[in-house]
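Fold and geometry: a report
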Amino acid sequence: AELWQSGIVASGVDIARGAADLATSLHKPPHGRASCNGEGRPCLQAASATSLPFRDGAFDAIASSDVLEHVDPSDVRAATAEFARVARNFLVLKIANRPEGSTLSGSRAGVGKFQGRTFKDALHQQGYADRLPTQLHTTVKGNEFWHEEFRRVGFALNRTIPDASWACCAYVLHRIEPYRPSRE
């Protein structure tokens, strides 16, 4: 919504359909647009980082905050390749490099039918309590790991963005070569 208010045409994704739907209900696209990407798709939609619903080179830049540390290690290469596929010039990334255990047992839902109850209680009622993860950050890696993963798909460090020491890593990467998908 902040980008829209600044006159920037922007699209967004979240892996959770409910989160994308909630964002859409809270933040209406500018000028009554139903689509922000020129492809007739909603401005905010559910999608995985490993399969973004945008054409090659769809955006001048993409931003990702606190996403890649949640990607399963076996999916990191697919996610970095997808980011590189849809971004023409820049990636603005914030990636945690520390473990984070599940806080679902103490956190309370702020909206919806489970408002005021803990997420653990809500999941238990739905029959999913035994599926609570013990670790929310499945790919805990340092700067060099991420820089190398993005170097592999044609991006290099442009600059580091100052961030709180506990939050870790934020940086801007720029395209250094055209991305060509591997034939593996």
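About the criteria used
Residues numbered from 1 in each chain as written. Predicted model: local features only at pLDDT ≥ 70, side-chain atom pairs only at ≥ 80, totals over all residues. Heavy atoms only, no water. Helix = DSSP H or I, 4+ residues; strand = E, 2+ residues; numbered from the N terminus. Pairing = 2+ DSSP bridges. Axes fitted to C-alpha atoms, helices over the stretch in contact; angles between N-to-C directions. Contact = heavy atoms within 4.5 Å. pLDDT = per-residue confidence, 0-100. Buried < 20%, exposed > 50% of the residue type's maximum accessible area, 1.4 Å probe, protein only. Parallel < 35°, antiparallel > 145°, perpendicular 65-115°, else oblique. Left-handed = near helix turned anticlockwise from the far one by under 90°. Nonpolar A, V, L, I, M, F, W, Y, C, P; charged D, E, K, R; others polar. Phe/Tyr/Trp six-rings, centres within 6.5 Å; stacked < 30°, edge-to-face > 60°. Core = buried A, V, L, I, M, F, W, Y, C linked by side-chain atoms within 4.5 Å.

Position of glutamate 100 among the secondary structure elements: in the loop between strand E4 (87-95) and helix H4 (119-125). When the C-alpha positions of glutamate 100 and threonine 134 are compared, they lie 8.5 Å apart, and in sequence the two are 34 residues distant.

Let us look at the sheet that holds strand E6 (residues 169-175). Where strands meet in a sheet, backbone hydrogen bonds hold them as pairs that are either parallel or antiparallel. On the basis of which strands lie adjacent, the open sheet formed by 4 strands has the order E3-E4-E6-E5 and mixed pairing. At either end of the open sheet lies a strand with only one pairing partner, and these are strand E3 (59-65) and strand E5 (155-160). Averaged over all neighbouring strand pairs, the angle between strand axes comes to 25°, with direction disregarded. With 5 bridges joining them, E5 and E6 adopt antiparallel strand pairing. Pairing of phenylalanine 155 across the sheet is with arginine 175, part of E6. Along the sheet, helix H3 (residues 76-86) contacts E3, E4, E5 and E6; its crossing angle with E4, the most-contacted strand, is approximately 140°. Its contacts with the sheet place helix H5 (residues 143-152) against E4, E5 and E6, and it is angled at close to 20° to E6.

Next up on the list: the confidence of the model for the protein. With 80% of its residues at a pLDDT of 70 or more, the protein shows a mean pLDDT of 83. At the low end of the mean pLDDT range in the protein sits H4, at 73; at the high end sits H3, at 96.

Within E6, 5 of the 7 residues are buried, leaving the element largely enclosed by the surrounding structure. As paired strands, E4 and E6 are joined by 6 bridges and run antiparallel to one another. Residue pairing in the sheet places isoleucine 95 in a bridge with cysteine 169 of E6.

Packing of H3 against H5 leaves a shortest axis separation of 9 Å and a crossing angle of 60°. Comparing the axis directions of H3 and H5 gives the class oblique. Considering the relative orientation of H3 and H5, their crossing is right-handed. In this structure, H3 contributes Val76, Arg77, Thr80 and Phe83 to the contact, and H5 contributes Phe145, Trp146, Glu149, Phe150 and Arg152. Of the residues in the contact of H3 with H5, the class split is 5 nonpolar, 1 polar and 3 charged.

The next subject is the packing of aromatic side chains. Summed over the entire model, instances satisfying the criterion amount to 3 aromatic pairs. Pairing phenylalanine 54 with phenylalanine 59 gives two aromatic rings, centres 4.9 Å apart and planes at 80°, and the pair type is edge-to-face. Both residues of the pair, phenylalanine 54 and phenylalanine 59, belong to the buried class. Between phenylalanine 145 and tryptophan 146 the ring centres are 5.0 Å apart and the planes differ by 85°, which places this aromatic pair in the edge-to-face class. For phenylalanine 145, a relative accessible area of 28% corresponds to the partly exposed category. Owing to a relative accessible area of 1%, tryptophan 146 belongs among the buried residues under this scheme.

Here we come to the nonpolar core. Membership of the largest hydrophobic core comes to 26 residues, with the highest contact counts inside it found for Leu68, Phe83, Leu91, Leu93 and Phe150. Listed by contribution, the elements that provide at least two residues to this core are E3, H3, E4, H5 and E6. For this core, the leading source of residues is H3, giving 6 residues. Those residues within four positions of leucine 91 in sequence are excluded, and the remaining contacts are Ile62, Phe83, Phe150, Phe155, Tyr171, Val172 and Leu173.

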